[in-house]
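# Observations on chain architecture
This is what each chain is made of:
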Amino acid sequence: MTVFGTPQVILFSADVQRASAFYQRLGFVERFRVPADGPPMHVDLELDGYRIGFASVESARRDHGLDPVTSGQRGTITLWTADTASAYKSLLADGVPGLAPPSVWLDRLLIAWVQDPDGHPIQLAQRLPT
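First, a word on scope: everything that follows refers to the structure included in this document.

Evaluated as defined, the whole model comprises three aromatic pairs. With 5.1 Å between their ring centres and 80 degrees between their planes, Phe-22 and Tyr-23 make a pair best called edge-to-face. This pair shows no difference in class: Phe-22 is buried, exactly as Tyr-23 is. Here the aromatic rings of Tyr-23 and Phe-28 are separated by 5.6 Å at their centres, their planes lie at 85 degrees, and the arrangement is edge-to-face. As far as the burial class goes, Tyr-23 and Phe-28 line up, both buried. Above the plane of the ring of Trp-80 lies Arg-127, whose end atom (NZ or CZ) is 4.1 Å from the centre.

Written as structure tokens, this is what we have:
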């Protein structure tokens, strides 16, 4: 049996540079970029030991023979925070599109939703006191 490790999510992006800049504003740090100079076709970012990557739709088609879906809500990123309401308000003030305002879910979480530049939903999650 093959053993796997270090899982990572890669999201397809119409504009890898724009996606990378957006997530860096949220606190992610760039860890990998191809090519090193010029517009990237792939970027990996990290926050608290977790990596996400963004790969260009064009590169996925040209280099790997894939046919990525380029519209709709194809996946989500969850970002935990100590204050969902403030985070949501701050992101909206920065021009990030809101999808759903903060609301209590499962009587123990405060959840809100915003959208990244490629249309991926981002869940802002806060554990509520029990």
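Back to the write-up after that little detour.
Quick look at the nonpolar core now. In this structure, Tyr-23, Phe-54, Ile-122 and Leu-124 are the most contacted members of the largest nonpolar core, which totals 19 residues. Breaking this core down by element, the ones donating at least two residues are helix H1 (16-25), strand S3 (42-47), strand S4 (50-56), strand S5 (77-80), helix H3 (84-93), strand S7 (109-115) and strand S8 (121-127). The element that contributes the greatest number of residues to this core is H1, accounting for four residues. If sequence neighbours within four positions are ignored, Phe-54 has contacts with Ile-10, Leu-11, Ser-13, Val-16, Ala-19, Tyr-23, Met-41, His-42, Val-43, Leu-45 and Asp-116.

Conventions adopted
Residues numbered from 1 in each chain as written. Predicted model: local features only at pLDDT ≥ 70, side-chain atom pairs only at ≥ 80, totals over all residues. Heavy atoms only, no water. Phe/Tyr/Trp six-rings, centres within 6.5 Å; stacked < 30°, edge-to-face > 60°. Buried < 20%, exposed > 50% of the residue type's maximum accessible area, 1.4 Å probe, protein only. Lys NZ or Arg CZ within 6 Å of the ring centre and 35° of its normal. Core = buried A, V, L, I, M, F, W, Y, C linked by side-chain atoms within 4.5 Å. Helix = DSSP H or I, 4+ residues; strand = E, 2+ residues; numbered from the N terminus. Contact = heavy atoms within 4.5 Å.

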